[in-house]
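Coordinate analysis (summary)
Spelled out, the chains give:
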Amino acid sequence: MSGSAAIATTIFGLAMIATIVIGVLSARGRDKGLAEWSVSSRGLGVLFIWLLMAGETYTSFSFLGTAGWSYSFGVPILYLVAYLTVGFAVGYVVGPAIWTYASRHGLISIADLAEHRFRSRPVGIVVAVIATVFLVPYIQVQIQGMGVVVNAMTYGSVDLRVAAVISFVVAEVFILVSGLRGSAWVSALKDVLVIFAVVFLAVYVPMHYLDGVGDFMHRMVTEKADWLTFPGHESGGKGGMWFVTTTLLNAVTITIFPTTVAGYLSARSPNALRRNAVLLPWYQLLLFVPMMIGATALFVMPALGNPDLALFSLVTDALPAPVVAIIGVAGALSAIVPMSVFMLAIGTLWGRTLLGGGNGADPRSRRTGRTPADDVRTKRLSQLVCLIAGLVALGGALFYPNTLVQLSVLSYEGLAQLVPIVLLALFWRRMTKAGALAGMFTGLAVVVALWATGNDPLHGVNGGIVGLAVNLVVTAAVTFARPEGQPPAPRRVGTTPTTGTDQAPAAPAAPKEAP
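All values reported here derive from a predicted model rather than from experimental measurement.

Quick look at the packing of helix H1 (residues 3-25) against helix H9 (residues 160-178) now. Packing of H1 against H9 leaves a shortest axis separation of 8 Å and a crossing angle of 15 degrees. Viewed along their axes, H1 and H9 adopt a mutual orientation that is roughly parallel. Helix-helix and strand crossings are classified by hand; for H1 and H9 the assignment is right-handed. Of H9, the residues touching H1 (which contributes Phe 12, Met 16, Thr 19, Ile 20, Gly 23 and Val 24) are Ile 166, Val 170, Val 173, Phe 174, Val 177 and Ser 178. For the contact of H1 with H9, a count of residues per class yields nine nonpolar, three polar and no charged.

Next comes the structure, spelled out in structure tokens:
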């Protein structure tokens, strides 16, 4: 092992130990119940909500895929900034509404929301299973991304598979012990390193390889014009229509993403979510740095074999080992934080909805209440499922690296089909269970068919939005054709029901937040 590799590997090892310590210690003196583990007892303020949700959006893809897409295609990568920013604007309205509804009824996941809305545990189970199918590929992508980052930052000294196992162990240790609060604390460390890394790279890379940012922009316009106009450079049809439809689809979908909802429900109050929605778009400015570095690599390494290594190829070529290690740790933590939240989300979905007896969708089951023993059992089941989900993704990363990753293309499009049954149903009182299920399964069938036949995008339109349009049409058609007699949902999300015995009493007012 060379001296540079030894230095980088040592720093990486110390960072992983620090990550575990920070994550585990965050649980000291906290309640050991399911609500604390899964949504931090709804007690996080603006700062930690911002750190947690920013940590979910700035993943290993931000270091690898963002630079890689910029290197390969160019301007289509801007969809990433666009959909996240629009999604946070939608979340300004949706987040507080979901928080209020879930807080009133003691709900902790999107499966709980669907189960309670339709008074049907089978509906909650279906939502949990579908969400899991489309979340597991995300965990595997983060594990493999961690492997690539660590292998690059240690100059090849740490094998890809070894790095994948390390990432899994680190994430599992603190998420099993500390839950969502551990992820928030680790995200604080991650964000400090990420901000340092990208600000430094934004200044250093153009100055080192070119004559500054001005020279970089001039050369892009004069030499790489294809990368600056839609559909980009050999992007496979990702033109303006694809950009708009993908931005709209992902912006709506991210608001009901299981990990996003976990962030919503961990907030101390709806006001914390509103402030967070205002602050989060500023974090997306950091994404422009990997884009710029990926484009810079076009002039420095025009024949790069793996575009995803555009950023780290320049970093390892130009910087000393300690700096490479710090940037690598930032990239590694950008995989570990979202990976941990994805595993926790799956654990919560299965442990409570499938294995823990549901959330009490039947009003009669509420009269006895859940005992502390029930809560402990459900938490343990959730933790077990969290571990199993991580092991499945790790197995895929080690033995079938190209199988589940292919499904990640479908993840957002598949989860988009849950928008009507999870979100729209809270606002549309008349939507029936039959309509919601029929629309969801039809939308999923359309998405999978378009993907399998190579027709996504369809005439430039994102296949997921085609599926969602069909989903909504079928949902409305079945709802109006087959009205059901069922207890109505609250007249508006966020209002207190005035009639009926099946509604849980309103939650006490949340304490005021510190400025």
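With that out of the way, let us pick up a nonpolar patch on the surface. Residues Leu 384, Leu 387, Ile 388, Leu 391 and Val 392 make up a contiguous nonpolar surface patch of roughly 400 Å² in combined accessible area. In this fold, Ile 388 is placed in helix H18 (residues 372-399). Residue classification places Ile 388 among the partly exposed residues on the basis of a relative accessible area of 42%.

We now examine helix H8 (residues 121-153). Between its first and last C-alpha atoms H8 spans 47 Å; for 33 residues at 1.5 Å apiece the expected length is 48 Å, and the two agree. At Val 133, H8 shows its maximal bend, which comes to roughly 25 degrees, and the proline Pro 137 appears one to four places after that position. One or two steps after H8, the chain reaches Tyr 155, where phi turns positive at roughly 55 degrees.

Another point: unusual backbone geometry. The omega angle of the peptide bond from Phe 230 to Pro 231 is 5 degrees, so this bond is cis rather than trans. By the secondary structure assignment, Pro 231 is in the loop between helix H11 (213-223) and helix H12 (240-253). Going from Asp 456 to Pro 457, the amide bond is cis rather than trans, its omega being 5 degrees. Inspection of the secondary structure assignment puts Pro 457 in the loop between helix H21 (433-452) and helix H22 (463-481). Positive phi is not limited to glycine here, since Tyr 155 has a value of about 55 degrees. If you trace the backbone, Tyr 155 turns up in the loop between H8 and H9. A residue is classified by how much of its surface remains accessible, and Tyr 155, at 32% relative accessible area, is partly exposed. Notably, His 459 is not glycine yet its phi reads approximately 55 degrees, a positive angle. With respect to the helices and strands, the residue His 459 is situated in the loop between H21 and H22.

The next subject is the nonpolar core. In this structure, Leu 201, Leu 418 and Ile 421 are the most contacted members of the largest nonpolar core, which totals 148 residues. For this core, the leading source of residues is helix H17 (residues 321-354), giving 19 residues. With residues up to four places along the chain from it excluded, the contact list for Ile 421 reads Ala 114, Phe 118, Val 123, Val 127, Ala 436, Leu 437 and Met 440.

On to the packing of aromatic side chains. Counted by the stated rule, this structure contains 16 aromatic pairs. For the pair Tyr 138 and Tyr 412, a centre-to-centre distance of 6.1 Å together with 65 degrees between the ring planes defines the contact as edge-to-face. One end of the pair, Tyr 138, is in helix H8; the other, Tyr 412, is in helix H19 (residues 404-416), with 274 residues separating them in the sequence. When its relative accessible area of 17% is taken as the criterion, Tyr 138 is described as buried. Site record: aromatic cluster; members linked through ring pairs are Trp 69, Phe 73, Tyr 79, Tyr 83, Tyr 138, Trp 242, Phe 257, Phe 342 and Tyr 412. Over the ring of Phe 118 we find Arg 117; its NZ or CZ atom is 4.7 Å from the centre of that ring. Lying across the ring of Trp 242, Lys 238 places its NZ or CZ 5.8 Å from the centre.

What counts as what
- Sequence order as written defines the numbering, with residues in each chain counted from 1.
- Local features are withheld for residues below a pLDDT of 70 in this predicted model, meaning they are given only at 70 or higher, and side-chain atom pairs are given and counted only at 80 or more; totals for whole chains, interfaces and linings count all residues.
- For side-chain calculations, the full set of non-hydrogen atoms in the structure is used, while hydrogens and water are omitted.
- The convention used is that axes are lines fitted to C-alpha atoms, helices contributing only their stretch in contact, and that angles between N-to-C directions extend from 0 to 180 degrees.
- Comment: elements are numbered from the N terminus, with helices defined as DSSP H or I runs of at least four residues and strands as E runs of at least two.
- Any angle that is under 35 degrees is reported as roughly parallel, and any over 145 degrees as roughly antiparallel; angles of 65 to 115 degrees are reported as roughly perpendicular and all others as oblique.
- Handedness of a helix crossing follows the sense of rotation of the near helix relative to the far helix, less than a right angle counterclockwise being left-handed and clockwise being right-handed.
- Residue contacts follow a heavy-atom distance rule, with two residues in contact if any of their heavy atoms lie within 4.5 Å.
- Residues are grouped as follows: nonpolar covers Ala, Val, Leu, Ile, Met, Phe, Trp, Tyr, Cys and Pro; charged covers Asp, Glu, Lys and Arg; every other residue, Gly included, is treated as polar.
- Only residues whose relative accessible area exceeds 30% and that form no salt bridge are eligible for patches; like-charged ones are grouped when within 9 Å, while nonpolar side chains (Val, Leu, Ile, Met, Phe, Trp, Tyr) are grouped when within 5 Å.
- Residue exposure ignores everything except the shown protein chains as possible cover, and the areas themselves are Shrake-Rupley values with a 1.4 Å probe.
- In the sections that follow, a salt bridge refers to a side-chain nitrogen of Lys or Arg positioned within 4 Å of a carboxyl oxygen of Asp or Glu.
- Relative accessibility under 20% of the residue-type maximum defines a buried residue, over 50% an exposed one, and the middle range a partly exposed one, all with a 1.4 Å probe and only protein chains included.
- Every helix has an expected span of 1.5 Å times one less than the residues it contains.
- To get the bend at a given residue, fit one axis to the seven residues ending there, fit another to the seven starting there, and take the angle between those axes.
- Definition used in this section: a nonpolar core is a set of buried Ala, Val, Leu, Ile, Met, Phe, Trp, Tyr and Cys residues joined via side-chain atoms within 4.5 Å.
- Working definition: a ring pair exists when centres of Phe, Tyr or Trp rings (six-membered ring for Trp) sit within 6.5 Å. Plane angles under 30 degrees give stacked, over 60 give edge-to-face, the rest tilted.
- Consider the ring centre and the ring normal. A charge sits over the ring if Lys NZ or Arg CZ is within 6 Å of that centre and within 35 degrees of that normal.

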